[in-house]
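Coordinates in review
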Amino acid sequence: MSGHKVSAVSGEEEEDEALGYYDDEDDLEAFSESELGCEDGVLGFNDPLSGEVKPRILLMGLRRSGKSSIQKVVFHKMSPNETLFLESTNKICREDVSSSSFVSFQIWDFPGQIDFFDPTFDYEMIFRGTGALIFVIDSQDDYVEALRRLHLTVTRAYKVNPDINFEIFIHKVDGLSDDHKIEKQRDIHKRANDDLADAGLEQIHLSFYLTSIYDHSIFEAFSKVVQKLIPQLPTLENLLNIFISNSGIEKAFLFDVVSKIYIATDSSPVDMQTYELCCDMIDVVIDISCIYGVTDSGAGLPYDEESMAIIHLNNTTVMYLKEVTKFLAMVCFVRRESFERKGLIDYNFHCFKNAIQEVFDVRVKVQQNRKLLSQRRWSKLSMTNGVTNNSN
Ligand SMILES: Nc1nc2c(ncn2[C@@H]2O[C@H](COP(=O)(O)OP(=O)(O)OP(=O)(O)O)[C@@H](O)[C@H]2O)c(=O)[nH]1
């Protein structure tokens, strides 16, 4: 597999490829450098002039619940077995993920043992700029303490920022039977919501996912978390609906190729098997391209505007993958008889691609305006400081 692009804050940034979310850079100063760190060397703060704002996703949960493993498997292509050797995280690890035009965010991995309500930790600052809080519960362990911690975290976070999406990963379900999984989910769901109701906070919505790094469930859950942070999602879904209904397509996904997160799909329901097939197809395309494709691309992923693949399944369905942007691919399921009109599908795809480009252009413009604004604010601030200094 090829590597993917996780750019360091201070390193290369796709600066016009960020989501329009609030992020208060000044707040970061509340942390000392030793508190904010990461083994990948992801350290430092965003350039205040860049105007770049990224939604923040927090990974929280008790020690050894699987937070770092999730991050490594989804964003670093680490194989699940290798996570057995991961060391315990002892610092807040902050990482910028800028793998596609639409998927761009920061992940903050919190060490399990951290006493995060210690007065020296500015939890208000942490929650204020947060888009989603993922709380990981180890389903193979006793979860009473995890639920207590979840309640504490959610209630505090909600008070600071009621717009946070609370996403609960009931994790490591690979060790459980199907019945057991459902039972655990029901129990955790009930207890967590009862605790909130007892505290008079029934308006807080918690979303639950059964996850494991040993199958595709973790990618699917992360897809849903990320989708909620994409402001253009309804537009993308609408475009996909129009595209499939005019092309005789059964189902279409828009994938971030690197992370295999699907950032949008049409409005028909998603089943796990379909999603898994898409992931497998992306793997095949990238693996084959890595081995037999152009060698000297220099830019990591062997994926470009020529990338496409057709796989005929043995159940009269055809899978069709095509490049949409540098980082995105469309994967569709088409019946064999509909695929005979491939010319029509390709023409409609061309229109779809142009429409996506337009959505993207609007966002770039918004981003540039924001950058300009923050530059002006910055220079005003420097001027004021200069005047003050001179008068001193
Ligand atoms: N069976 C199973 N084990 C998992 C899964 N995810 C993680 N693990 C294992 O759980 C152990 C702890 O994982 P970590 O990712 O280090 O946990 P953490 O929450 O980051 O731990 P701290 O850094 O101490 O907070 C490792 O041995 C992983 O291999 C999973 O989905 N299934």
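Definitions and cut-offs
Along each chain, numbering runs from 1 in the same order as the chain's sequence is written. The predicted nature of this model means local features are confined to residues of pLDDT at least 70 and side-chain atom pairs, given and counted, to a pLDDT of 80 or more, with totals for whole chains, interfaces and linings taken over all residues. Numbering of helices and strands starts at the N terminus; helices are DSSP runs of H or I of at least 4 residues and strands are runs of E of at least 2. Put simply, a residue is buried when 20 or more other C-beta atoms lie within 10 Å of its own C-beta and exposed when 12 or fewer do; between those, it is partly exposed, and each C-beta is set from the backbone. Contacts here follow a simple rule: the backbone-placed C-beta atoms of the two residues must lie within 7 Å. One nonpolar core equals one set of buried Ala, Val, Leu, Ile, Met, Phe, Trp, Tyr and Cys residues connected by C-beta atoms within 7 Å. In this document the domain limits rely on a domain assignment from an automatic tool or a database. Axis definition: a line fitted to C-alpha atoms, limited for helices to the stretch in contact. Angles are taken between N-to-C directions and run from 0 to 180 degrees. Every angle not falling under 35 degrees, over 145, or within 65 to 115 is termed oblique; those three ranges are roughly parallel, roughly antiparallel and roughly perpendicular. Only Asp, Glu, Lys and Arg are considered charged in this grouping, and only Ala, Val, Leu, Ile, Met, Phe, Trp, Tyr, Cys and Pro are considered nonpolar; every other residue, Gly among them, is considered polar. In this analysis, residues qualify as near a molecule or strand once their C-beta atom, positioned from backbone atoms, comes within 6 Å of it. When DSSP finds two or more bridges between a pair of strands, those strands are recorded as paired. The crossing is said to be left-handed when, going from far helix to near helix, the turn is anticlockwise and less than a right angle, and right-handed when the turn is clockwise. To estimate how far a helix should reach, multiply one less than its number of residues by 1.5 Å. Of all possible arcs, the one meant is that of the directions from the helix axis to the C-beta atoms.

**Considering the overall build of the chain**
- Scanning the chain from terminus to terminus reveals 9 helices and 11 strands.
- A burial count over the chain gives 35% of its 392 residues as buried.
- Across the chain, every contact between residues at least 6 apart in sequence was considered, and the portion connecting residues at least 24 apart equals 74%.

**Describing the nonpolar core**
- Grouped together as the largest cluster of nonpolar side chains are 80 residues, with contacts concentrated most on Ile134, Ile137, Leu254, Phe255, Ala329 and Val331.
- Counting the residues that make up this core, at least three belong to each of domain 1 (56-229) and domain 2 (232-370).
- Apart from residues no more than four positions distant in its own chain, Ile137 is found in contact with Gly61, Ser65, Tyr143, Ala146, Ile168, Phe169, Ile170, His171 and Ile188.

**Quick word on the domain arrangement of the chain**
- Parsing the chain into structural domains produces domain 1 (56-229) and domain 2 (232-370).
- Measuring from the centre of the C-alpha atoms in domain 1 to the corresponding centre in domain 2 gives 29 Å.
- Taken together, the contact pairs 14 residues of domain 1 with 18 residues of domain 2.
- Every element with two or more residues in the side of domain 1 that touches domain 2 is listed here: helix 1 (67-76) and helix 5 (217-227).
- With 6 residues, helix 5 is the largest single contributor of residues to the side of domain 1 that touches domain 2.

**Digging into the packing of helix 1 against helix 5**
- The interhelical angle for the contact between helix 1 and helix 5, taken along N-to-C directions, is 85°, at an axis separation of 10 Å. As the angle between them shows, helix 1 and helix 5 are arranged roughly perpendicular. Judged by residue contacts, Ile70, Val73 and Val74 of helix 1 engage Ile218, Phe219 and Phe222 from helix 5.
- Partitioned by chemical class, the residues of the contact of helix 1 with helix 5 number 6 nonpolar, no polar and no charged.

**So, the site of the ligand**
- For the ligand, the set of nearby residues contains 22 residues, the closest of which are Gly66, Ser68, Ser69, Thr89 and Gly112.
- Here the shell around the ligand gets 3 residues from one element, more than from any other, and that element is helix 1.
- Class assignment of the residues belonging to the shell around the ligand gives a composition of 5 nonpolar, 12 polar and 5 charged.

**Points about the sheet that holds strand 8 (residues 261-265)**
- Spatially, 5 strands are ordered 8-7-11-10-9 in an open sheet, and the strand pairing comes out antiparallel. Because the sheet does not close on itself, it has two edges, and the strands there are strand 8 and strand 9 (308-312). In this sheet, neighbouring strand axes are inclined to one another by 20° on average, regardless of whether the strands run parallel or antiparallel.
- Alignment of strand 7 (residues 249-256) against strand 8, held across 4 bridges, turns out to be antiparallel. Opposite Phe253, over in strand 8, you have Thr265 as the bridge partner.

**Brief notes about the packing of helix 3 (residues 144-160) against helix 4 (residues 178-198)**
- With their axes 10 Å apart at the nearest point, helix 3 and helix 4 run at an angle of 40° to one another. If you check the angle between helix 3 and helix 4, you find them oblique. As helix 3 packs across helix 4, the resulting crossing turns out to be right-handed. Residues Leu147, Leu150 and His151 of helix 3 form the contact with helix 4, whose own contacting residues are Arg191, Ala192 and Asp195.
- Considered class by class, the residues forming the contact of helix 3 with helix 4 number 3 nonpolar, 1 polar and 2 charged.

**Considering the environment of Ile345**
- By the secondary structure assignment, Ile345 is in helix 9 (residues 342-391).
- Distance in space between the C-alpha atoms of Ile345 and Tyr123 is 50 Å, their sequence separation being 222 residues.
- Those residues in contact with Ile345 that sit more than four places away from it in its chain are Ser247 and Ile249.

**Points about the pairing of strand 1 (residues 56-61)**
- Judged by how many residues are buried, strand 1 sits mostly within the fold: 6 of 6 residues are covered.
- Where burial is concerned, the two faces of strand 1 agree: the one with Arg56, Leu58 and Met60 and the one with Ile57, Leu59 and Gly61 are both buried.
- Two strands pair when backbone bridges link them, and strand 1 and strand 3 (residues 104-109) are joined in this way by 4 bridges, in the parallel orientation. Across the sheet, Leu59 pairs through a bridge with Asp109, a residue of strand 3.
- Relative to strand 4 (residues 130-138), strand 1 runs parallel, the two being bridged by 6 bridges. Among the inter-strand pairings, Leu58 is bridged to a residue of strand 4, identified as Leu133.

**Quick look at unusual backbone geometry**
- Its identity is not glycine, yet Lys172 carries a phi of approximately 65°, on the positive side.
- As for its placement among the helices and strands, Lys172 is situated in the loop between strand 5 (165-171) and helix 4.
- Phi is positive for Thr316, close to 65°, though the residue is something other than glycine.
- If you trace the backbone, Thr316 turns up in the loop between strand 9 and strand 10 (317-323).

**Some details on helix 4**
- Helix length check: helix 4 (21 residues) gives 30 Å between terminal C-alpha atoms against 30 Å at 1.5 Å per residue, within 8%.
- Trailing helix 4 by a residue or two, Gly200 shows a phi angle of about 70°, which is positive.

**What about the pairing of strand 8?**
- When you tally the buried positions in strand 8, you get 5 out of 5 residues, the bulk of the element.
- Hairpin connection between strand 7 and strand 8: a loop of 4 residues separates the two successive antiparallel strands, and Lys260 in this loop has a positive phi of roughly 60°.

**Observations concerning helix 6 (residues 233-247)**
- Here helix 6 contains 15 residues, and its C-alpha end-to-end distance of 21 Å stays within 8% of the 21 Å for a straight helix at 1.5 Å per residue.
- All buried positions along helix 6 are accounted for by Leu236, Leu239, Leu240, Phe243, Ile244 and Ser247. Down the axis, helix 6 shows its buried residues gathered within 125° of arc, on one side only. Seen from the buried face of helix 6, the exposed residues on the opposite side, beyond 90 degrees, are Pro234 and Ser245.
- Two residues or fewer after helix 6 comes Gly248, characterised by a positive phi angle close to 70°.

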